[in-house]
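# Descriptive analysis of the structure
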Amino acid sequence: MRVAVWRQLCGASCVAGVVLLLRRPSASAGTLPGGRPHPRPAAASAMTRLMLGRTLERICKGVLVLCLLHFLIMMILYLDVYTQRFDLFSRFNGNGGGRNGSRGTNGTAGSGGHHYYYYNLSRPNATLQAPAAGESLAAAGHTPSPKPLPPCPEIPPGLVGRLLIEFSSLMTMERVQKENPNVTEGGRYTPPDCRPRWKVALIIPFRHRENHLKYWLHYLHPILRRQKIDYGIYIITQLGEDTFNRAKLLNVGYTEAMKDGEYDCFIFSDVDLIPMDDRNLYHCYDQPRHFAIAMDKFGFRLPYAGYFGGVSGLSKKQFLKINGFPNEYWGWGGEDDDIYNRITLNGMKVSRPDVRIGRYRMIKHERDKHNEPNPQRFNKIQNTKNTMKRDGISTLTYRVVQVKRHPLFTDISVEIGKPPPRPFKG
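Since this is a predicted model, take the numbers as computed values, not measurements.

## A word on the environment of Gln318
In this structure, Gln318 sits in helix α6 (residues 316-321). Among the residues examined, Gln318 registers a relative accessible area of 6% and is labelled buried. Each C-alpha atom, one on Gln318 and one on Asn346, is 9.5 Å from the other, the two residues being 28 residues apart in sequence. Those residues in contact with Gln318 that lie beyond four places of it in its chain are Tyr285, Asp286, Gln287, Pro288, Gly313 and Met348. A polar contact is formed between the side chain of Gln318 and the backbone nitrogen of Ser315, at a distance of 3.0 Å.

## With respect to helix α4 (residues 210-226)
Look at α4: 25 Å from first C-alpha to last across 17 residues, which is about the 24 Å you get at 1.5 Å a residue. Helix geometry: α4 is bent most strongly at Leu220, by close to 25°, with proline Pro222 lying one to four residues after it. Across the 17 residues of α4, 13 count as buried, placing the element largely inside the fold. Lys228 sits one or two positions beyond α4 and adopts a positive phi of about 55°.

## Looking at the state of the cysteines
On inspection of all chains with the given rule, the structure shows 2 disulfides. Each disulfide pairs two cysteine sulfurs, and for Cys152 the partner residue is Cys194, the sulfurs being separated by 2.0 Å. Between Cys152 and Cys194, the S-S torsion sits near 85°, and that sign places the bridge as right-handed. Placement of Cys152 in the loop between α2 (42-93) and α3 (173-179) and of Cys194 in the loop between β1 (188-189) and β2 (199-206) is noted, with a sequence separation of 42 residues between them. For Cys152, a relative accessible area of 2% gives the class buried. A residue is classified by how much of its surface remains accessible, and Cys194, at 5% relative accessible area, is buried. The side chain of Cys265 participates in a disulfide bridge whose partner is Cys284; the two sulfur atoms lie 2.1 Å from each other.

Calculation rules
- Residues numbered from 1 in each chain as written.
- Predicted model: local features only at pLDDT ≥ 70, side-chain atom pairs only at ≥ 80, totals over all residues.
- Heavy atoms only, no water.
- Helix = DSSP H or I, 4+ residues; strand = E, 2+ residues; numbered from the N terminus.
- Buried < 20%, exposed > 50% of the residue type's maximum accessible area, 1.4 Å probe, protein only.
- Contact = heavy atoms within 4.5 Å.
- Polar contact = N/O pair within 3.5 Å; in protein donor to acceptor, adjacent residues only side chain to side chain.
- Expected span 1.5 Å × (residues − 1).
- Bend = angle between axes of the 7 residues up to and from the residue.
- Disulfide = S-S within 2.5 Å.

Okay, here's the thing in structure tokens:
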């Protein structure tokens with residue numbers, strides 16, 4: 001097709017050049033009708049003829065250059081076509097047969113017993129035709145190396161934007177599993193068509209929230225897949241009925257995820273928070289990331305400048321730099337402010353998405369039993385600078401009771417101890 005187009009352009013250029021050469025001024029250009037001499041002076045007539053001659057000479061030179069350029073381009077195109085054809089033939093000749101060698105309906109040779117497989121070179125993402133049952137590429141005498149995947153785009157093209165989030169429809173694990181057939185055991189997923197920039201572990205502190213988890217998985221799995229993220233989901237279940245400790249469970253999740261895979265990014269999320277926009281990309285950034293900046297329960301506003309609760313993300317390097325999260329916040333509240341203090345005290349800043357993108361819906365629920373507000377949280381927050389080096393991932397203790405890999409997530413049940421006795425108020 002490209003050769004034909006250039007051939008037509010060349011023909012048109014050469015014809016134009018010939019026409020210009022033939023349209024030279026005639027010998028009678030200096031006379032009037034009837035053979036009478038033109039009234040112009042002879043010098044002016046000669047100057048005009050000279051200018052016309054130079055103009056025609058330049059035009060002819062331009063046409064000649066254009067034809068030479070066309071010839072070079074034609075040669076390049078021909079070489080490109082023949083190179084592709086030679087490469088195609090060489091694939092088959094390496095197997096002892098030509099492109100038109102006899103082969104059966106399944107790609108097998110009719111009489112020689114050889115096997116022929118071919119590439120579709122007309123498409124940029126061409127793949128091998130599937131061999132017949134019981135055959136392999138080794139039988140064809142060659143094993144083509146897989147083409148390396150390109151990096152996943154920073155802004156994936158399949159994002160939807162604003163999402164409709166509702167919790168009124170009945171949700172079951174069976175339904176969520178059918179909706180996500182490409183998610184493998186343990187809640188793992190890797191994009192098949194590109195190389196992800198981050199390997200992300202999503203960690204959820206958990207106890208008695210099975211219904212919330214169904215909705216979270218229902219919405220988050222499709223969002224994460226559209227975002228082209230290599231991820232795994234870890235539910236860290238606190239056993240027993242002692243006071244809940246969110247931050248310590250997050251430390252456990254980091255430690256257990258690192259045993260399970262080479263993660264370099266960690267997203268810590270409450271199970272009752274669903275993002276309302278899939279452009280809120282769940283990966284790590286140059287600075288620690290706060291994702292849930294506009295929750296519906298706060299009127300889609302950031303409640304205060306130092307708020308770091310709900311959903312946050314840190315790279316492995318950032319997490320270790322702040323010694324992880326505090327282990328001594330038993331009960332509701334305070335741990336996210338302590339984490340914010342750790343970030344700023346270590347010379348980092350919190351990054352956030354645009355408020356129109358960082359919107360979240362919360363599943364309404366009553367406060368959990370044994371997760372009452374921690375009355376000591378305000379005193380602890382004021383002492384972060386003194387406690388962060390001796391209270392964190394470096395001093396974490398716990399016991400894993402069970403690790404169970406479900407189709408959509410990995411459940412790690414742990415015992416994390418009991419809170420210290422609270423000081424007596426007399």
